[in-house]
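What follows is the residue order along each chain.
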Amino acid sequence: MLVIDQLSVSYGAIKAVREVSLRVEKGEIVALLGPNGAGKTSLISAIIGLVPASGGRVVLDGVDITRRRTEDIVRLGATVTPEGRHIFADLSVGQNLRLGAATRRDRDGIAADTERMLAMFPILRERFASRAQTLSGGEQQQLAIARSMMSRPKLLMLDEPSLGLAPKLVEQIFGLITELRTQGLTLLVVEQNAYDALAMADRAYIMNSGRLQFSGRSEELLASDDLMELYLGTGTGVHAGAAS
Amino acid sequence: MDYVIQQVLNAASIGGEYALLALGLAIVFSVMGLVNFAHGELITISGFTMYAIFIFAAPTSAWGLLPVGIIAAIAAAVVFERVAFRPVRNAPATTGLLTAFGLSIVVKNFFVSVVGATRPRAVPTPDWLSSHIEIGAVHIQTLQLLEAAVTAVALMALLALLRGTNIGLAMRAAAKDFNTVRLMGIRANQVVLAAFVISGLLAGLAAVFIMARRGAVDPFMGFTPVLKAFVAAVLGGFGSLGGAVVGGLALGAAEVLFQIILPESIAGYRDAFVFLFVGGVLILRPQGLFGRKHQFGDKEG
Ligand SMILES: Nc1ncnc2c1ncn2[C@@H]1O[C@H](COP(=O)(O)OP(=O)(O)OP(=O)(O)O)[C@@H](O)[C@H]1O
Ligand SMILES: [Mg+2]
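Everything quoted here is computed from the prediction, not taken from an experiment.

Caption draft 1: Structural view of the coordination of the magnesium ion (ligand 2). In this structure, Thr41 of chain A (OG1) and Glu83 of chain A (OE) serve as the protein donors to the magnesium ion (ligand 2), at separations of 1.8 to 2.5 Å. Note that Thr41 of chain A is positioned in helix H1 (residues 40-48) and Glu83 of chain A in the loop between strand S6 (78-81) and helix H3 (93-100), a separation of 42 residues in sequence.

Caption draft 2: Representation of the interface of chain A and chain B. With 26 residues of chain A in contact, the opposing surface of chain B contributes 24 residues. A buried area of about 2300 Å², summed over both sides, lies between chain A and chain B, and 50% of it is on carbon and sulfur atoms. The largest contributions to the chain A side of the interface with chain B come from Glu71, Arg98 and Leu99 of chain A, which together make up 25% of the buried area. Where chain A packs against chain B, one counts three salt bridges. For Glu71 of chain A, the salt bridge is made with Arg182 of chain B, and the minimal N-O distance between the two is 2.9 Å. Seen at the junction of chain A and chain B, the total is 10 residue pairs in polar contact (both at pLDDT 80 or more). Looking at the side of chain A that touches chain B, the elements that each hand over two or more residues are helix H2 (70-75), S6, H3 and helix H6 (137-149) of chain A. Sorting elements by how many residues they give to the side of chain A that touches chain B places H2 of chain A first, with five residues. Of the residues in the side of chain A that touches chain B, the class split is 10 nonpolar, eight polar and eight charged.

Caption draft 3: Representation of the pairing of strand S4 (residues 55-60) of chain A in the model. Residues and elements named next belong to chain A. In the sheet, strand S1 (residues 2-11) pairs with S4 via five bridges, with the strands oriented antiparallel. Within S4, the residue paired with Leu2 across the bridge is Leu60. One ladder, built from two bridges, connects S4 with strand S5 (residues 63-64); its direction is antiparallel. Bridging from a neighbouring strand, Leu60 pairs with Val63 of S5.

Caption draft 4: Representation of the sheet that holds S5 of chain A. Residues and elements named next belong to chain A. Here four strands make up an open sheet; going across it, the order is S2-S1-S4-S5 and the pairing antiparallel. The sheet is open, and its two edges are formed by strand S2 (14-24) and S5, each paired on a single side. Here H1 sits on the sheet in contact with S1, S2 and S4, set at roughly 115° to S1.

Caption draft 5: Spatial organisation of unusual backbone geometry. All names here are of chain A. At Gln6, a position not held by glycine, the phi torsion is positive, near 55°. Structurally, Gln6 is set in strand S1. When its relative accessible area of 40% is taken as the criterion, Gln6 is described as partly exposed. If you check the backbone angles, Glu19 has positive phi at about 45° while not being a glycine. Mapping Glu19 onto the fold places it in strand S2.

Caption draft 6: Focus on the site of ligand 1. All names here are of chain A. Close to ligand 1 lie 14 residues; Asn36, Thr41, Ser42, Glu83 and Gln192 are nearest. Within the backbone of Gly39, an N or O atom sits 2.9 Å from an oxygen atom of ligand 1. A distance of 3.1 Å is found between an oxygen atom of ligand 1 and a side-chain nitrogen or oxygen belonging to Glu160. Burial of ligand 1 by the surrounding chains reaches 62%, relative to a free accessible area of 630 Å². Contributions of two or more residues to the shell around ligand 1 are made by S2 and H1. Classifying every residue of the shell around ligand 1 gives five nonpolar, six polar and three charged.

Caption draft 7: Structural detail: the pattern of salt bridges. Residues and elements named next belong to chain A. Counted under the stated rule, the structure contains 26 salt bridges over all chains. Among the ionic pairs, Glu219 bridges to Arg217, the shortest N-O distance being 3.6 Å. Exposure remark for Arg217: the relative accessible area of 40% places this residue in the partly exposed category. One salt-bridge network, held together by shared partners, links Arg104, Asp106, Asp113, Arg116 and Arg152.

Caption draft 8: Representation of the packing of H3 of chain A against H6 of chain A within the structure. Residues and elements named next belong to chain A. Following both chains from N to C, one finds H3 and H6 inclined at 30°, their axes separated by 7 Å at the closest point. As for how H3 packs across H6, the hand of that crossing is right-handed. Packed against H3, whose contacting residues are Val93, Asn96, Leu97 and Gly100, the element H6 presents Leu143, Ala146 and Arg147 at the interface. For the contact of H3 with H6, the per-class residue count stands at four nonpolar, two polar and one charged.

Caption draft 9: Examining the environment of Pro153 of chain A more closely. Residues and elements named next belong to chain A. In this fold, Pro153 is placed in the loop between H6 and strand S7 (155-159). Distance in space between the C-alpha atoms of Pro153 and Leu221 is 29 Å, their sequence separation being 68 residues. Those residues within four positions of Pro153 in sequence are excluded, and the remaining contacts are Gly77, Thr79, Ser148 and Leu185.

Caption draft 10: Geometry of the packing of aromatic side chains. Residues and elements named next belong to chain B. A complete count under the given rule lists nine aromatic pairs over all chains for this structure. Both rings, one in Phe48 and one in Tyr51, keep their centres 6.3 Å apart while their planes meet at 85°; by these two values the pair is edge-to-face. Placement of the pair is Phe48 and Tyr51 together in helix H2 (residues 39-57), with a separation of three residues, close to one helical turn. For the pair formed by Phe48 and Tyr51, the shared burial category is buried. Arranged with centres 4.3 Å apart and planes meeting at 15°, the rings of Phe48 and Phe111 form a pair that is stacked. With a gap of 63 residues between them, Phe48 in helix H2 and Phe111 in helix H4 (residues 93-114) connect regions that are remote in the sequence. Taken as a pair, Phe48 and Phe111 share a single burial class, namely buried.

The rules behind these values
Residues numbered from 1 in each chain as written. Chains lettered and ligands numbered in written order. Predicted model: local features only at pLDDT ≥ 70, side-chain atom pairs only at ≥ 80, totals over all residues. Heavy atoms only, no water. Donors = N, O, S within 2.8 Å, 3.2 Å for Na, K, Ca; no water. Helix = DSSP H or I, 4+ residues; strand = E, 2+ residues; numbered from the N terminus. Contact = heavy atoms within 4.5 Å. Buried area = accessible area lost by both parts, 1.4 Å probe. Salt bridge = Lys/Arg side-chain N within 4 Å of Asp/Glu carboxyl O. Polar contact = N/O pair within 3.5 Å; in protein donor to acceptor, adjacent residues only side chain to side chain. Nonpolar A, V, L, I, M, F, W, Y, C, P; charged D, E, K, R; others polar. Pairing = 2+ DSSP bridges. Axes fitted to C-alpha atoms, helices over the stretch in contact; angles between N-to-C directions. Buried < 20%, exposed > 50% of the residue type's maximum accessible area, 1.4 Å probe, protein only. Near = heavy atom within 4 Å. Areas by Shrake-Rupley, 256 points an atom, 1.4 Å probe, with all protein chains shown as cover. Left-handed = near helix turned anticlockwise from the far one by under 90°. Phe/Tyr/Trp six-rings, centres within 6.5 Å; stacked < 30°, edge-to-face > 60°.

Here it is in structure tokens:
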């Protein structure tokens, strides 16, 4: 589904991503882990075209999307739920969802998907007409994910969906991610919550200082304290405190 | 009583014209972060297009000039965006500002040297525009009534667009977070184009009224109205759409008010008093009446 080949991203002199190669197969959940500043967000942004790649290639379903515009890549079926949510604060919950479906013309399909999202996230139904700004952080994260789903993506990339959420909500969001996969979605999930992310992911990549340091099956990582220690710090998750 | 009604209408028509222009500035600024100093040139281009049609096509009625003026302003706004502003869209804000300055100078000089319009050229307007109607004892100028009405309709249509259409919602969202709008698959070019089309349409409406009032065109005809519109936009809170409207109407009201209360001997300093008043408001509310302290405060979690 997604093949990344020797991708690099630079901001002036800063090399944020250095020749990273990875792939995500259809129907997989892949975790992308690593400490702050590792280059995870930069990698995702380059995939979706929000920052230019300084080298390498991104191929989505056989189509080279390396230099495509973000809006065209989204129309090809990939999207990102950005780090820090970025909901449209001045618009209502309903209007946020509506813009999520802005590329679609099938009114009935949009209505059905809206209904599906509201069933999945009951709080959004309750707050449908409220300004999105008035939602709590966790509610905003739910809205951000629901909004991404409204474009009917084939590949959804979530950048730190659990950031700043209470443990219970994290569990809920991760449960949702697993459920989305059963509905046929392919997911690339950036996370600081290494343990929880690995528990749900099939495979994982670990980045550090812009480089890929590890790639392998989640169980392999989870089973080895040495690997967890080596790549993810203390062996208790990169930032165990982040979610509490 | 009829005196009061007349002055209120006076304020509404002048204020409405400032509001149309300030709104055009605000919409482009909020979507693109561009302070469009070439906005006044849309009025000039619109005026000269009406003039050209009048000279070369010699229409039997001046009616047909009005849509031509509006379309010319929209077309000019679209061309400005495509030719001048798109190449510098992702450059620092000062680059956009200088581009707008340059564009403004180029257009003005085109009319001065190429068209050779060194003095105002007369353009006729439909007679009925300058006629008056009587409602009871009140004597009302048709132009003013029309101006107030058209402004109101344009504002309501814009409000409906911003609230009820995808492109309108996208424009509002893009004001704070353009990249996330693109993540929705919405084309950045379309959002920017929509902002310029709207600013051109509003400038075109204002241009028609300005023409109707002056009955003549010259290369600098857009300068003063847009200067006032800038003041109105700042008064309302630069970048805020509601603020642009309120700022425009407030400025119009202030002008009429000072016109009335200033004694004859210093009436010529009306604008100085108006600006003094605006300055006073800005000392109390530096962000303008409706401005927010954080125009771009969307980066936090
Ligand atoms: N717009 C930018 N301009 C300059 N440098 C940047 C920019 N964005 C990121 N960087 C730098 O690139 C490096 C990678 O940042 P990135 O945001 O990709 O890391 P990350 O893995 O997502 O970190 P986190 O877990 O904190 O979100 C960092 O050193 C960061 O300072
Ligand atoms: Mg990040």
